[in-house]
Amino acid sequence: MKQLLIALLIGWSGFALAEDAPETNWSKFQANFYFKCTVAPDCIKAYSELMSAPEIAENKFEAALYGLAHNGWDDATHVMRFYFKDANEYMKAGQVFSASPAMQKFLAAGREAGNEAQYQTLTTHTIMEGNPMGTKASLRWSIKVTDPATFVPAWTKMAAELADKPWGGNAYGLQTYYLGNTGTITHEIWVAFDSPAAALVFLEEFPKTAEWQAYNEEVNDSVSLVRSYMELTAISLNED
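All values derive from a computational prediction rather than experimental measurement.

Participant: I'd love a proper account of the state of the cysteines, names of residues and values included.
Facilitator: Counting across every chain of the model gives one disulfide. Disulfide pairing places Cys37 opposite Cys43 at an S-S distance of 2.0 Å. Handedness of the Cys37-Cys43 disulfide follows from its S-S torsion of about 105°: it is right-handed. Overall, Cys43 belongs to the buried group, its relative accessible area being 6%.

Quick look at the structure:
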């Protein structure tokens, strides 16, 4: 955990991004910090205390802590995601967290617990549809796209068609990687659900559809799957 948060602070204090799009209800940038937690309830409690500290809570940053399930070879057990409307909000968060006494307490708790940072990424929403607010589970597929011109329109068409199914989920999207693992992963697909059970229904149903079969034929070798996993909401703050 110590290495995770040190990297977070260094990244926020020394990295600037250009603001080139109007503000929307969807975040422009997502900073994602994956880590291995030895005792999940302790990590959830420490995160809750960090984010409820007055100097942090007053800024109403959109953020969440998720547990990871069925993520294969990946050693991460949790991910902290911070959502920023623009570069200014990204930089402000770095300033707030670096000066926060609660952050120092959080770092100390991580050291004592023996938590381990795994990796961090910076992504942006490329396609987003629906309303993920309040959802408790999501399915995520980390992919490597070699031919975006073929993949993106084919996936967009299929995703919209599957979303109309009774089991189609509450929201879906495609995120593009700006930083982190970009040699292996270029994009992340996600679909959000009210519950893990609803996510399992989706997993069972979508491979049977004609839409999925047509998509596979169209994309051919333009995309490959790197990993897949389920994400379970532990704490979600200031959703908008």
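That covers the picture; the talk isn't over yet.
Participant: Lay out the nonpolar core in plain terms, naming residues and giving numbers.
Facilitator: Among the nonpolar cores identified, the biggest contains 29 residues, and Tyr47, Leu50, Met51, Met80, Phe82 and Phe97 are the most heavily contacted of them. Secondary structure elements with two or more residues in this core: β1 (29–36), α2 (40–52), β2 (62–69), β3 (78–84), α4 (87–98) and α5 (101–113). In terms of nonpolar packing, the next biggest core, distinct from the first, is built from 25 residues, Ala154, Trp155, Ile189 and Ala199 among them.

Participant: Help me get a handle on the packing of aromatic side chains, residues and values and all.
Facilitator: Enumeration according to the criterion identifies 16 aromatic pairs in this entry. Between Trp141 and Phe206 the ring centres are 6.2 Å apart and the planes differ by 85°, which places this aromatic pair in the edge-to-face class. One end of the pair, Trp141, is in strand β5 (residues 137–145); the other, Phe206, is in the loop between α7 (196–205) and α8 (210–219), with 65 residues separating them in the sequence. Classification of Phe206 as buried rests on a relative accessible area of 11%. An aromatic cluster of at least three residues, connected via ring pairs, comprises Trp141, Trp167, Phe193, Phe202, Phe206, Trp212 and Tyr215.

Participant: So what about the pattern of salt bridges? Which residues, and what values?
Facilitator: A side chain with one charge can pair with a side chain of the opposite charge if their charged atoms come near. Applying the stated criterion to the full structure yields ten salt bridges. Note that Arg227 and Asp74 form a salt bridge whose closest N and O atoms lie 2.3 Å from each other. Pair noted here: Arg227 is in strand β8 (residues 223–237) and Asp74 is in the loop between β2 and β3, with a separation of 153 residues, a long-range link. Using a relative accessible area of 6% as the deciding quantity, one classes Arg227 as buried. In this structure, the salt-bridge partner of Glu205 is Lys208, at a minimum N-O distance of 3.7 Å. Here Glu205 falls in the partly exposed class, since its relative accessible area comes to 23%. Exposure remark for Lys208: the relative accessible area of 58% places this residue in the exposed category. What you see here is one network of salt bridges that share partners, running through Arg81, Arg140, Glu188 and Glu231.

Participant: Give me the lowdown on the side chain of His78, citing residues and values where you can.
Facilitator: As for its position among the elements, His78 is in strand β3. The exposure class assigned to His78 is buried, which follows from its relative accessible area of 7%. Looking at His78, its side chain comes within polar contact range of the side chain of Thr77, at 2.8 Å. Residues within four places of His78 in sequence aside, it is in contact with Phe33, Tyr34, Phe35, Cys37, Ala40, Leu65, Tyr66, Gly67 and Leu68.

Participant: An account of the environment of Trp212 is needed here, citing residue identities and associated values.
Facilitator: Structurally, the position occupied by Trp212 is in helix α8. Classification of Trp212 as partly exposed rests on a relative accessible area of 23%. When the C-alpha positions of Trp212 and Leu162 are compared, they lie 8.5 Å apart, and in sequence the two are 50 residues distant.

Cut-offs and rules
Throughout, a residue's number is its position along its own chain's written sequence, starting from 1. Selection of residues for local features in this predicted model requires a pLDDT of at least 70, selection of side-chain atom pairs for listing and counting requires 80 or more, and totals for whole chains, interfaces and linings are taken over all residues. Calculation of side-chain values draws on the structure's entire complement of heavy atoms; hydrogens and water are dropped beforehand. Any two cysteine sulfur atoms within 2.5 Å of one another count as a disulfide. In this scheme, a residue with accessible area under 20% of its type's maximum is buried, one over 50% is exposed, and one in between is partly exposed, where area comes from a 1.4 Å probe on protein chains only. In this description, a nonpolar core means a group of buried Ala, Val, Leu, Ile, Met, Phe, Trp, Tyr and Cys residues linked to one another through side-chain atoms lying within 4.5 Å. The way it works is that DSSP assigns letters per residue, a run of H or I at least four long becomes a helix, a run of E at least two long becomes a strand, and they are numbered from the N terminus. Pairing of aromatic rings covers Phe, Tyr and the six-membered ring of Trp, with a centre-to-centre limit of 6.5 Å; geometry is then stacked below 30 degrees between planes, edge-to-face above 60, and tilted otherwise. For this analysis, a salt bridge means a side-chain nitrogen from Lys or Arg found within 4 Å of a carboxyl oxygen belonging to Asp or Glu. Polar contact is the term for a pair of N or O atoms within 3.5 Å; when the atoms are in protein, one must be able to donate a hydrogen and the other to accept it, and sequence-neighboring residues count only if both atoms are side-chain atoms. Contacts: residue pairs with any heavy atoms within 4.5 Å of one another.

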